[in-house]
There are 2 protein chains.
Amino acid sequence: MTNVSKDALVQELVSIVGKEWVVTEREYMLSYLQDETPEPVRPKAANNLILVKPSSTGEVSKILRAANQARVPVFPVGGRTGLVSACVPTIPGIILSLERMKKLEVDRENLMVVAEAGVTLGDLLRACDEAGLFFPPHPGDEGAQVGGLIATNAGGVRAVKYGVMRNYVKGVEVVLASGKVLNLGGKLIKDNAGYSLLHLVIGSEGTLCVITKAIIKLHPKSEHSVTIIVPFSGRHEALQAVQKILLSGVVPLAIEYVEPDEVNLSAAHLNEKWPVQVGGAQLFIILNAESEEELLVSCEKVSGVCSEIGAGEPVLAETREEQDRVLRIRSNIYTALKPQLIDILDVTVPPSKLGDLMDAVEEIAEKYGVHLPVYGHAGDGNLHVHVMKEEGKAPDYVAKVKSEIYETGIRLGGVITGEHGVGAIRTQELTKATDEAELNLMQGIKKLFDPNNILNPGKVIT
Amino acid sequence: MTNVSKDALVQELVSIVGKEWVVTEREYMLSYLQDETPEPVRPKAANNLILVKPSSTGEVSKILRAANQARVPVFPVGGRTGLVSACVPTIPGIILSLERMKKLEVDRENLMVVAEAGVTLGDLLRACDEAGLFFPPHPGDEGAQVGGLIATNAGGVRAVKYGVMRNYVKGVEVVLASGKVLNLGGKLIKDNAGYSLLHLVIGSEGTLCVITKAIIKLHPKSEHSVTIIVPFSGRHEALQAVQKILLSGVVPLAIEYVEPDEVNLSAAHLNEKWPVQVGGAQLFIILNAESEEELLVSCEKVSGVCSEIGAGEPVLAETREEQDRVLRIRSNIYTALKPQLIDILDVTVPPSKLGDLMDAVEEIAEKYGVHLPVYGHAGDGNLHVHVMKEEGKAPDYVAKVKSEIYETGIRLGGVITGEHGVGAIRTQELTKATDEAELNLMQGIKKLFDPNNILNPGKVIT
């Protein structure tokens, strides 16, 4: 911390948010020092941190103004559910938690919700549901917060039909490093008034400004939905089915690719049972519709396509409880694998290249004699490859395996990250995979928004 | 033109694209000197212009490098179908027409199309249709070109269900002012690799870079669609129906608001007849569906909602021909009004505020004793207000009327432009309506991308 003593800074922060919302003792901020990044690749949090919890945009503004004047780094944090340590405070500074800012107002007339940054995904889903509306994206952990969902352009399952977070965010209130509050966008379906700073902020991982509030588009609630699990003999049959389903005119909410080992592990971890035990590869498809008739038509089309390819008997989850249960098992594969996990990748390729990517991952696994469990969002070309701890093996395979997977993804027309973002742990990979002129533009944009580099320094662009 | 004589520049351009693709005689470039902006507000094109028609990205790159070194302005043009003179060359320089770059490749496996900038909307729609796929946005004039559609983030009808251009563009190839070629995004449904320069380019109206190629997401073709025209006694009944339809779970492809005078005028202009002659306000609703059953369910829901509000008998257009015919009448209201038109506004407000905006427009019309015909994309809150020539009236009402409409739109939570963009004729309004800090960021971004201000100078940000 440069222009100010820690004591003076603490005093200033106390004067802004009140004594009880400024934490300086490390033992009371432990859970703020990491996100869900696997331990082996997680960077260590710095010493000399101050945790601050503002309750309003005005307080956020004052904190940033003070930090900017003092040249003190600020690390905005949400639910800390990320997988690339985007919110980890890696140098001394202020941890800015938005958790107290949780006002939420559903606007049924405009099919939108106005939510402060600290509203959790769980709260958002419940409030929409109670208002008879529906927020489709489901990036897994319902402890995620709105600010973080936008800062990371969260994806997850249920993105096939309606897209990722970017497609839902119509407006944001943000605070610049200077303390200046800006409103970008609004309760608007169309907005062409100048360059879209809104879309620049979405996915900027807390490095350009602090998101304090958002306007999010909703859909009317689909009363009718079904989850279908279809077993296939192998991955290529399963992926062929994905393509044929998408071309059939049915647009599922989600098409997930899973293999039995991982779903069974997750089910066991939750003390549940995965309903389909046959097939080396499985698709997990969520369909929704306005009416029972429409759902039936879609369901029959999907079954027809799959059976043409020689799929096994599909299993249907029809009640809300059953559907929630299988989605929970799917969402917990990560948690189940985590103890043995070194890193989870989210290389994303054109959907038609997903099979090639999976073949290449298998070859890489064989080449290095390691286990690389995969599952992914098959409708999006987004594959999660897990680099695991290997008993009795020197850890030098990790870097090699990851580097080969990244190179393969890029060769297939993909990107190093489709949903988890860059954070602290993929900055080198981003630099390597990105054209220098593009990087220069990104660095220039960072400098424009945050000339003193106080906002989440060391993340995304370094 | 600063660092080079016109002759030397012409010679250099000829060496890049060949003699027949460099035009210096004004009489052979007349149609490149304007777009569809109404004559009374259209800026005059400068003298001393050179029209160049490259055939490849490599040629675009060489042209920009030469222009940048010589500090010569470059005005990229597409189909010149815009309404705010975004492509009009207002100072001496190079008109860069992408019309020869019209390669087009449909990728059925990924439900995407790769199109060069000069591909027309008409060609794009036809190619997708032939491949059994569907590109939903329809911004009216099918002479628009892909580069322009992206540069202006085009909207139009059919945006209610799937959104505007931004939601479809997954990747672009662009040329920076320096001549450097960049590829942003890709055939990707998810991409979180750094700041989204892709989304910054979308809607930047040719001021940040020249778009040479794009990857555009498609949908499977909906074989089943219907257009419904519903008469209402007045605008508030019609707009109440819009809201109830959207909350009912039906998501129409388009919901347009029209009034009989304007559609009849357009129909007469086309030598056609508008099918509904009752109701002071009408909704024009396009529904599409995967199956006949689903379409029927949606159709019944829409009719039910409208009849609850006291709407008149809906008229259905079911064949492709009938539907095309009514859409053509709707799309030609502008052309029919044009001879008497001074300006067409596209103020956009939260959808629930559209009635308030229309009431205010009516009051403004009464206050100034003028006629302000309106129609608009009711599902998007996007209203087109037409400021008309008024026989025997001093023209000082124009500025006052426009300024009151803009102020009302902003007061209602809207923006000065939802779809037409800023171009050359709304820069003052953008400046007035935008926070200074936001403008500074936009100006900084412009400078980063185009330090010598050669790309479409005088547009968007001045």
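About the criteria used
Counting of residues starts from 1 at the beginning of each chain's written sequence and follows it residue by residue. Written order decides the labels, with chains lettered from A and ligands numbered from 1. Under the rules for a predicted model, residues below a pLDDT of 70 receive no local features and side-chain atom pairs below 80 are neither given nor counted, while totals for whole chains, interfaces and linings still include all residues. The basis for every side-chain value is the complete set of non-hydrogen atoms in the structure, without hydrogens or water. Least squares is used to superpose the copies, and the fit set is the C-alpha atoms of residues whose pLDDT is at least 70 in both copies. Contacts are assigned to residue pairs with any non-hydrogen atoms lying within 4.5 Å of each other. Being paired, for any two strands, means DSSP has found at least two bridges between them. A run of DSSP states H or I qualifies as a helix once it reaches four residues; a run of E qualifies as a strand once it reaches two. Both are numbered from the N-terminal end. To get an axis, a line is fitted to the C-alpha atoms, and for a helix only the part in contact is used. The angle between two axes follows their N-to-C directions and goes from 0 to 180 degrees. In this analysis, rings of Phe, Tyr and Trp, with Trp reduced to its six-membered ring, are considered paired at centre separations within 6.5 Å, and the interplanar angle assigns stacked below 30 degrees, edge-to-face beyond 60, and tilted for intermediate values. Either the NZ atom of lysine or the CZ atom of arginine qualifies as a charge over a ring when it sits within 6 Å of the ring centre and within 35 degrees of the ring normal. You can read pLDDT as the predictor saying how much it trusts each residue, on a scale of 0 to 100. Count a disulfide wherever a pair of cysteine sulfur atoms falls within 2.5 Å. Burial here depends on accessible area, computed with a 1.4 Å probe over protein chains only, as a share of the maximum for the residue type. Under 20% is buried, over 50% is exposed, and the range in between is partly exposed. Counted as positive: Lys and Arg. Counted as negative: Asp and Glu. His and the chain ends are not counted at all. A side-chain nitrogen of Lys or Arg and a carboxyl oxygen of Asp or Glu constitute a salt bridge if their distance falls within 4 Å. Nitrogen and oxygen atoms within 3.5 Å of one another constitute a polar contact, given that in protein one can donate a hydrogen and the other can accept it, and given that sequence-neighbouring residues count only through two side-chain atoms. What makes a nonpolar core is a set of buried Ala, Val, Leu, Ile, Met, Phe, Trp, Tyr and Cys residues whose side-chain atoms join them at distances within 4.5 Å. Expected span of a helix: the number of residues minus one, times 1.5 Å. In this description, buried area is defined as the sum, over both parts, of the accessible area (probe of 1.4 Å) that is lost when the two are combined.

## Some remarks on the relation of the copies chain A and chain B
Phase 1 of the analysis: In screw terms, the move from chain A to chain B is a rotation of 180° and a rise of 0.0 Å along the axis, fitting with an RMSD of 0.0 Å. Given the turn and translation reported, the copies of this chain are related as if by a two-fold rotation axis. For chain A, the minimum C-alpha distance to the rotation axis belongs to A:Glu294 and amounts to 2.6 Å.
Phase 2 of the analysis: Both copies contact each other with a shared surface, as 99% of the interface residues of chain A are interface residues in chain B too.

## Some remarks on the sheet that holds strand β8 (residues 169-175) of chain A
Residue and element names in this part refer to chain A.
Phase 1 of the analysis: Spatial strand order, β5-β6-β10-β8-β9: five strands in an open sheet with antiparallel pairing. The open sheet has two edge strands with one neighbour each: β5 (104-107) and β9 (181-185). Neighbour-to-neighbour, the strand axes of the sheet open up by a mean angle of 10°, direction not taken into account.
Phase 2 of the analysis: Two elements, β5 and strand β6 (residues 112-116), share four bridges in a ladder whose sense is antiparallel. Residue Glu105 lies in a different strand from β6, and its bridge partner there is Val114.
Phase 3 of the analysis: Its contacts with the sheet put helix α2 (residues 57-70) on β8, β9 and β10 (210-217), and the angle it makes with β8 is roughly 50°.

## Digging into the packing of aromatic side chains
Phase 1 of the analysis: Within this structure, the stated rule accounts for four aromatic pairs over all chains.
Phase 2 of the analysis: Both rings, one in A:Phe135 and one in A:Tyr168, keep their centres 5.5 Å apart while their planes meet at 65°; by these two values the pair is edge-to-face. Here A:Tyr168 lies in the loop between α4 (146-151) and β8 and A:Phe135 lies in the loop between β7 (133-134) and α4, a separation of 33 residues in the sequence.
Phase 3 of the analysis: Sitting above the plane of the B:Tyr32 ring, B:Arg80 keeps its charged end 4.0 Å from the centroid.

## Quick word on the confidence of the model for chain A
Caution applies to low-pLDDT regions: their predicted coordinates should not be interpreted in detail.
Phase 1 of the analysis: On average, residues of chain A score 95 in pLDDT, and 100% of them are at 70 or above.
Phase 2 of the analysis: Per the prediction output, this complex has pTM 0.96; the corresponding ipTM is 0.96.

## Concerning the state of the cysteines
Throughout this description, disulfide means a covalent bond between two cysteine sulfur atoms.
Residues and elements named next belong to chain A.
Phase 1 of the analysis: Under the criterion given, the structure shown has zero disulfides over all chains.
Phase 2 of the analysis: Unpaired in this structure, Cys306 has its nearest cysteine sulfur neighbour in Cys299, at a distance of 10 Å.
Phase 3 of the analysis: For Cys306, a relative accessible area of 3% corresponds to the buried category.

## Focus: the side chain of B:Glu294
Phase 1 of the analysis: With respect to the helices and strands, the residue B:Glu294 is situated in helix α8 (residues 292-308).
Phase 2 of the analysis: Despite its burial, B:Glu294 pairs with no opposite charge, the nearest such side chain being B:Lys161 at 5.3 Å.
Phase 3 of the analysis: Of note is the side chain of B:Glu294, whose polar atom sits 3.2 Å from the backbone nitrogen of B:Glu290.
Phase 4 of the analysis: Apart from residues lying up to four places away in sequence, B:Glu294 is in contact with A:Glu294, B:Asn288 and B:Ala289.

## Some remarks on the nonpolar core
Phase 1 of the analysis: Core analysis: the largest hydrophobic core is formed by 208 residues, its most contacted members being A:Phe135, A:Leu372, B:Phe135 and B:Leu372.
Phase 2 of the analysis: For A:Phe135, the residues in contact, after removing those within four places along its chain, are A:Leu121, A:Leu124, A:Leu125, A:Cys128, A:Arg158, A:Met165, A:Tyr168, A:Ile216, A:Lys217 and A:Leu218.

## Some thoughts on helix α14 (residues 436-449) of chain A
Phase 1 of the analysis: Spanning 14 residues, α14(A) covers 20 Å between terminal C-alpha atoms, matching the ideal 20 Å at 1.5 Å per step.
Phase 2 of the analysis: Taken residue by residue, α14(A) has A:Ala437, A:Glu438, A:Leu439, A:Leu441, A:Met442, A:Gly444, A:Ile445, A:Lys446 and A:Phe449 as its buried positions.
Phase 3 of the analysis: Of the surrounding elements, those touching the buried residues of α14(A) are α5 (197-201) and α13 (427-433) of chain A together with β9 (181-185), α5 (197-201) and α14 (436-449) of chain B.
Phase 4 of the analysis: Taking the backbone nitrogen of A:Ala437 as reference, a side-chain oxygen 2.9 Å away marks A:Asp435 as the first, capping residue of α14(A).

## A few points about the environment of A:Pro137
Phase 1 of the analysis: Looking at the element boundaries, A:Pro137 is found in the loop between β7 and α4.
Phase 2 of the analysis: Here the alpha-carbon distance between A:Pro137 and A:Lys244, two residues 107 residues apart in the chain, equals 23 Å.

## Here we look at the interface of chain A and chain B
Put simply, an interface is often sized by how much accessible area is lost when its parts join up.
Phase 1 of the analysis: With 81 residues of chain A at the contact, the number on the chain B side is 80 residues.
Phase 2 of the analysis: The contact between chain A and chain B buries some 6,600 Å² in all, and 63% of this surface belongs to carbon and sulfur atoms.
Phase 3 of the analysis: Of all residues in chain A, A:Lys190, A:Asn192 and A:Tyr195 bury the most surface against chain B, accounting for 16% of the area lost on that side.
Phase 4 of the analysis: Counting the contacts that link chain A with chain B gives six salt bridges.
Phase 5 of the analysis: A salt bridge links A:Lys180 to B:Asp435, with the shortest nitrogen-to-oxygen separation between them at 3.0 Å.
Phase 6 of the analysis: On the surface where chain A and chain B come into contact, there are 28 residue pairs in polar contact (both at pLDDT 80 or more).
Phase 7 of the analysis: Looking at the side of chain A that touches chain B, the elements that each hand over two or more residues are β9, α5, α6 (235-247), α8 (292-308) and α14 of chain A.
Phase 8 of the analysis: In terms of residue count, the dominant contributor to the side of chain A that touches chain B is α14(A) (nine residues).

## Digging into the pairing of strand β13 (residues 254-258) of chain A
Residues and elements named next belong to chain A.
Phase 1 of the analysis: Burial analysis of β13 places five of its five residues in the buried class, the great majority of the element.
Phase 2 of the analysis: A two-sided burial pattern is seen for β13, the buried positions comprising Ala254, Glu256 and Val258 on one face and Ile255 and Tyr257 on the other.
Phase 3 of the analysis: Here five bridges tie β13 to strand β14 (residues 281-289), and the two strands are oriented antiparallel to one another. The partner of Glu256 across the bridge, within β14, is Phe284.
Phase 4 of the analysis: Pairing of β13 with strand β17 (residues 374-377) involves two bridges; the strand directions are antiparallel. Across the sheet, Glu256 pairs through a bridge with His377, a residue of β17.

## Details of the sheet that holds strand β16 (residues 341-345) of chain A
Each strand in a sheet pairs with its neighbour through backbone hydrogen bonds, running either in the same direction (parallel) or in the opposite one (antiparallel).
Residues and elements named next belong to chain A.
Phase 1 of the analysis: The seven strands are arranged β15-β12-β14-β13-β17-β18-β16 in an open sheet whose pairing can be described as antiparallel. With one partner strand each, in any of the chains shown, β15 (315-317) and β16 form the two edges of the open sheet. Within this sheet the neighbouring strands show an average axis-to-axis angle of 15°, counted without direction.
Phase 2 of the analysis: Across three bridges, the pairing between strand β12 (residues 224-232) and β15 is antiparallel.

## A few points about unusual backbone geometry
All names here are of chain A.
Phase 1 of the analysis: Located in the positive-phi region is Arg80, a residue other than glycine, with phi close to 55°.
Phase 2 of the analysis: In this structure, Arg80 sits in the loop between β3 (74-77) and β4 (93-97).
Phase 3 of the analysis: Of note, Asn271 is a non-glycine position whose phi angle comes to about 60°, a positive value.
Phase 4 of the analysis: Tracing the backbone through its elements, the reader meets Asn271 in the loop between α7 (260-269) and β14.
Phase 5 of the analysis: With relative accessibility at 73%, the residue Asn271 sits in the exposed group.

## Quick look at helix α3 (residues 121-130) of chain A
Phase 1 of the analysis: Residues of α3(A) that are buried: A:Leu121, A:Gly122, A:Leu124, A:Leu125, A:Ala127 and A:Cys128.
Phase 2 of the analysis: Phi turns positive one or two residues past the end of α3(A), at A:Gly132, with a value near 75°.

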